[in-house]
Amino acid sequence: MKKYGAFVCFLLMLLLLSSCQPKEESVEERVIDEKPPTLFLAVSDVLIKKIEVTSYDWTFTLPNGQTKHIRQMDMLPPSKEVAEMKKVNVKAFRYLKVGFDPMPIYYDVTLYNKEDEEMAHYESIEAIKERGSYVVKIDAEFKNGEAIYYVPLHIAK
């Protein structure tokens, strides 16, 4: 009887210990960065718009370890890229901020007029001084690749 009791205790301990092992993530639970993150546009720390990526060149790893590369490049002029987007109105650029999750390694900003002519180029959105209506192109470089975002913007005069 003692042998039987010891054996049952051993099985119970084994069962308890095996249930304490960390749970493996299922394929559905793993986060895969299949495309660049959403750009968050904020004025004075208040989120005003989420901008999805327009064009990108992106590499990511699947749960099985296989590496995938996706390239989606739109060749439309800036005004056509934002034709169906509502223009964002801002009183002054000093209050305008962009954010990503995760943050890019580097990003720069290009302003285009309604004729799709490049007006100015900046290393951050905070550096912009022009007022008026523009299409803002944000080129971002991430660990996984590059991404381009477009935002129609009006800065009050």
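Further up the page is the structure itself.
In this text, all values refer to a predicted model and were calculated from it rather than measured experimentally. Chains are numbered independently. Their residues run from 1 in the order of the written sequence. With the structure being a predicted model, the display of local features is reserved for residues of pLDDT at least 70 and the display and counting of side-chain atom pairs for 80 or more, all residues being used for whole-chain, interface and lining totals. To obtain the side-chain values, all non-hydrogen atoms of the structure were used and water was disregarded.

Chemist: Before we go on, may I ask you to explain the overall build of the protein in this structure?
Modeler: When helices and strands are tallied, the protein shows 2 helices and 10 strands. Tracing the protein from N to C terminus, the helices and strands come up as α-β-β-β-β-α-β-β-β-β-β-β. Here's how the labels work: a residue is buried when its accessible area is under 20% of the maximum for its type, exposed when over 50%, partly exposed in between, all with a 1.4 Å probe on protein chains only. Expressed as a percentage of its 157 residues, the buried residues of the protein come to 35%. Residue pairs at least 24 apart in sequence account for 58% of intrachain contacts in the protein once pairs closer than 6 positions are excluded. Surface accessibility follows the Shrake-Rupley procedure with a 1.4 Å probe radius. Residue values consider only the protein chains on display as shielding. Taken as a whole, the protein presents about 10,800 Å² of accessible surface, with 56% of it coming from carbon and sulfur. A run of H or I in DSSP becomes a helix once it reaches four residues, and a run of E becomes a strand once it reaches two; helices and strands are each numbered from the N terminus. In what follows, residue pairs with any heavy atoms lying within 4.5 Å of each other are defined as contacts.

Chemist: Whenever I open this one, the pairing of strand S3 (residues 55-61) confuses me. Can you help?
Modeler: It is a general feature of regular strands that their side chains alternate between the two faces of the sheet. The buried count for S3 comes to 5 of 7 residues, which makes it a mostly enclosed element. Strands pair, by our definition, only if DSSP identifies at least two bridges between them. Inspection of the sheet shows S3 paired to strand S10 (residues 145-155) by 4 bridges, in the antiparallel sense. Looking across to S10, one finds that Asp57 is bridged to Glu146. Relative to strand S4 (residues 67-72), S3 runs antiparallel, the two being bridged by 6 bridges. The residue of S4 that forms the bridge with Thr59 is His69. Counted along the chain from S3 to the antiparallel partner S4, the turn is 5 residues long, and its residue Gly65 has a positive phi close to 95°.

Chemist: Looking at this model, I keep getting lost on the side chain of Asn144. Mind explaining?
Modeler: Within the element layout of this structure, Asn144 appears in the loop between strand S9 (132-142) and S10. Residues in contact with Asn144, not counting those within four places in the same chain, are Asp33, Asp57, Trp58, Thr59 and Phe60.

Chemist: So what exactly am I meant to see when it comes to the nonpolar core here?
Modeler: Side chains that are nonpolar tend, in soluble globular proteins, to be buried together. Throughout, nonpolar core names a set of buried Ala, Val, Leu, Ile, Met, Phe, Trp, Tyr and Cys residues whose side chains join them through atoms within 4.5 Å. Counting residues in each nonpolar core, the largest one holds 29 residues, and the members touching the most others are Ile138, Tyr149 and Leu153. Mapped by element, the contributors of at least two residues to this core are strand S1 (39-43), S3, strand S5 (88-90), strand S6 (96-99), strand S7 (106-112), strand S8 (118-122), S9 and S10. Core analysis: the next-biggest nonpolar cluster, separate from the first, contains 5 residues, Val82, Tyr112, Val135 and Tyr150 among them.

Chemist: Explanation requested: the packing of aromatic side chains in the structure shown.
Modeler: Two measures describe an aromatic ring pair: the distance that separates the ring centres and the angle between the ring planes. Stacked, tilted and edge-to-face are the three classes applied to pairs of Phe, Tyr and Trp rings, where Trp contributes its six-membered ring and a pair requires centres within 6.5 Å; stacked means planes under 30 degrees apart, edge-to-face means over 60, and tilted covers the rest. Inspection of the entire model under this criterion finds 4 aromatic pairs. Here Phe100 and Phe142 contribute two aromatic rings whose centre-to-centre distance is 5.5 Å and whose plane-to-plane angle is 75°, an arrangement assigned as edge-to-face. Here Phe142 lies in strand S9 and Phe100 lies in the loop between S6 and S7, a separation of 42 residues in the sequence. Cluster of aromatic residues (ring-pair linked, three or more members): Trp58, Phe100, Tyr107, Phe142 and Tyr149.

Chemist: What should I look at first to understand the sheet that holds S6 in this one?
Modeler: Across a sheet, strands are paired by hydrogen bonds formed along the backbone, either parallel or antiparallel in direction. Taken in spatial order, the 3 strands of this open sheet run S2-S1-S6, and their pairing is antiparallel. With one partner strand each, in any of the chains shown, strand S2 (46-51) and S6 form the two edges of the open sheet. Going from strand to strand, the sheet's axes swing by 25° on average, the running direction of each strand aside. As defined by bridge partners, S1 adjoins S2 across 5 bridges and the pair is classed as antiparallel. In this analysis, axes come from line fits to C-alpha atoms, helices being fitted only over the stretch in contact, and the angle between any two N-to-C directions falls in the range 0 to 180 degrees.

Chemist: For this particular structure, what's the right way to read unusual backbone geometry?
Modeler: A negative phi angle is the norm for most residues apart from glycine, just as the trans form is the norm for most peptide bonds. A cis amide bond links Asp101 to the next residue, Pro102, at an omega of 10°. Note that Pro102 resides in the loop between S6 and S7. If you check the backbone angles, Asp116 has positive phi at about 65° while not being a glycine. In this structure, Asp116 sits in the loop between S7 and S8.

Chemist: Hey, could you run me through the side chain of Thr110 in this one?
Modeler: Mapping Thr110 onto the fold places it in strand S7. The class for Thr110 is buried, based on a relative accessible area of 3%. Reaching out from Thr110, the side chain makes a polar contact with the side chain of His121 at a distance of 3.0 Å. Throughout this description, a polar contact denotes any pair of N or O atoms lying within 3.5 Å of each other; where both atoms belong to protein, one of them has to be capable of donating a hydrogen while the other can accept it, and for residues adjacent in sequence the pair is counted only when both atoms sit in side chains.

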